[in-house]
Amino acid sequence: EAQVTQNPRYLITVTGKKLTVTCSQNMNHEYMSWYRQDPGLGLRQIYYSMNVEVTDKGDVPEGYKVSRKEKRNFPLILESPSPNQTSLYFCASSRSGANVLTFGAGSRLTVL
Amino acid sequence: RKEVEQDPGPFNVPEGATVAFNCTYSNSASQSFFWYRQDCRKEPKLLMSVYSSGNEDGRFTAQLNRASQYISLLIRDSKLSDSATYLCVVRPPNTGGFKTIFGAGTRLFVKA
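To start, this report covers the structure provided alongside it. (Residues numbered from 1 in each chain as written. Chains lettered and ligands numbered in written order. Predicted model: local features only at pLDDT ≥ 70, side-chain atom pairs only at ≥ 80, totals over all residues. Heavy atoms only, no water.)

1. Things to note about the pattern of salt bridges
- In total, this model carries nine salt bridges over all chains according to the counting rule given.
- Taking the shortest distance from any N to any O, the salt bridge between Arg-37 of chain B and Asp-39 of chain B comes out at 2.8 Å.
- Sharing partners across several salt bridges, the network here consists of Lys-18, Lys-65 and Glu-79 of chain A. (Salt bridge = Lys/Arg side-chain N within 4 Å of Asp/Glu carboxyl O.)

If you want it as structure tokens, here you go:
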């Protein structure tokens, strides 16, 4: 089944404790992207990747890092999480560019 | 002014009703437009792309008005299963097609 898989789905952590949210797609898509969704603000783009080893900032990249060492994986790294990073995170992929996006099921992160 | 704006609703309509949502965008050079549907606590899923000439998919009709800078979604013969949040998505210019801007969404409740 074609899908985007995110882990963990739920996480409660404390300020400053580094964490990684993994994202993997099995569709051989070139493009991958991370979003966060907050009430009243909609989805905001954090980082995106056009292909292996090619990444760029979205609208809200501060406090996040990404890497794209393999085509299928695009992990989101929070080096020192803070409470304002409490949010619902979605990873998405598409064949090329930000066209028809396939989303993962989401990762709900709470930073205390 | 937000780059993409939607009426948050909620729109409460009876089954069988016709309902329409609008979404305005601020950058007149925006390129591509989409409607996504998001069920409560789930990931967004593509509903339809919006073409310049307008397009229809069953009970759903999408239109683009470049002069007034808005897109619309019309749902005819509403079903209970249409209850969801509808997200407007715009691809801004000069980003290589890699960035996306999501509206905050319009909530629709269809009642029996």
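2. Here's the deal with the pairing of strand 8 (residues 70-75) of chain B
Residues and elements named next belong to chain B.
- In this structure, strand 3 (residues 19-25) lies alongside strand 8, joined through six bridges in antiparallel fashion. For Val-19, the partnering residue across the bridge sits in strand 8 and is Ile-75.
- Where strand 7 (residues 60-65) meets strand 8, six bridges bridge the pair, whose relative direction is antiparallel. Counterpart to Asn-65 in the pairing with strand 8 is Tyr-70.
- Between strand 7 and strand 8, which pair antiparallel one after the other, the connecting turn spans four residues, and Gln-69 there sits at a positive phi close to 60°. (Pairing = 2+ DSSP bridges. Helix = DSSP H or I, 4+ residues; strand = E, 2+ residues; numbered from the N terminus.)

3. Some remarks on unusual backbone geometry
- With an omega of -5°, the peptide bond running from Asn-7 of chain A to Pro-8 of chain A counts as cis.
- Here Gly-9 of chain B and Pro-10 of chain B are connected by a cis peptide whose omega angle stands at 5°.
- Of note, Pro-10 of chain B is situated in the loop between strand 1 (4-6) and strand 2 (11-14).
- Non-glycine residue Arg-41 of chain B carries a positive phi angle of around 65°.
- Structurally, the position occupied by Arg-41 of chain B is in the loop between strand 4 (32-38) and strand 5 (45-50).

4. Here we look at the interface of chain B and chain A
- Taken together, the 17 residues of chain B in the interface contact 22 residues of chain A.
- At the boundary of chain B with chain A, total buried surface from both sides reaches about 1,700 Å², with 55% on carbon and sulfur atoms.
- Contact with chain A buries area across many residues of chain B, yet Phe-98, Lys-99 and Phe-102 of chain B alone supply 33% of it, more than any other trio.
- If you look at where chain B meets chain A, you find one salt bridge.
- Taking the shortest distance from any N to any O, the salt bridge between Asp-59 of chain A and Lys-99 of chain B comes out at 3.2 Å.
- Counting the contacts that link chain B with chain A gives seven residue pairs in polar contact (both at pLDDT 80 or more).
- Secondary structure elements with two or more residues in the side of chain B that touches chain A: strand 4 and strand 9 (84-91) of chain B.
- For the side of chain B that touches chain A, the element with the most residues is strand 4 of chain B, which contributes three residues.
- Each residue belonging to the side of chain B that touches chain A can be placed in one class, and the counts come to eight nonpolar, four polar and five charged. (Contact = heavy atoms within 4.5 Å. Buried area = accessible area lost by both parts, 1.4 Å probe. Polar contact = N/O pair within 3.5 Å; in protein donor to acceptor, adjacent residues only side chain to side chain. Nonpolar A, V, L, I, M, F, W, Y, C, P; charged D, E, K, R; others polar.)

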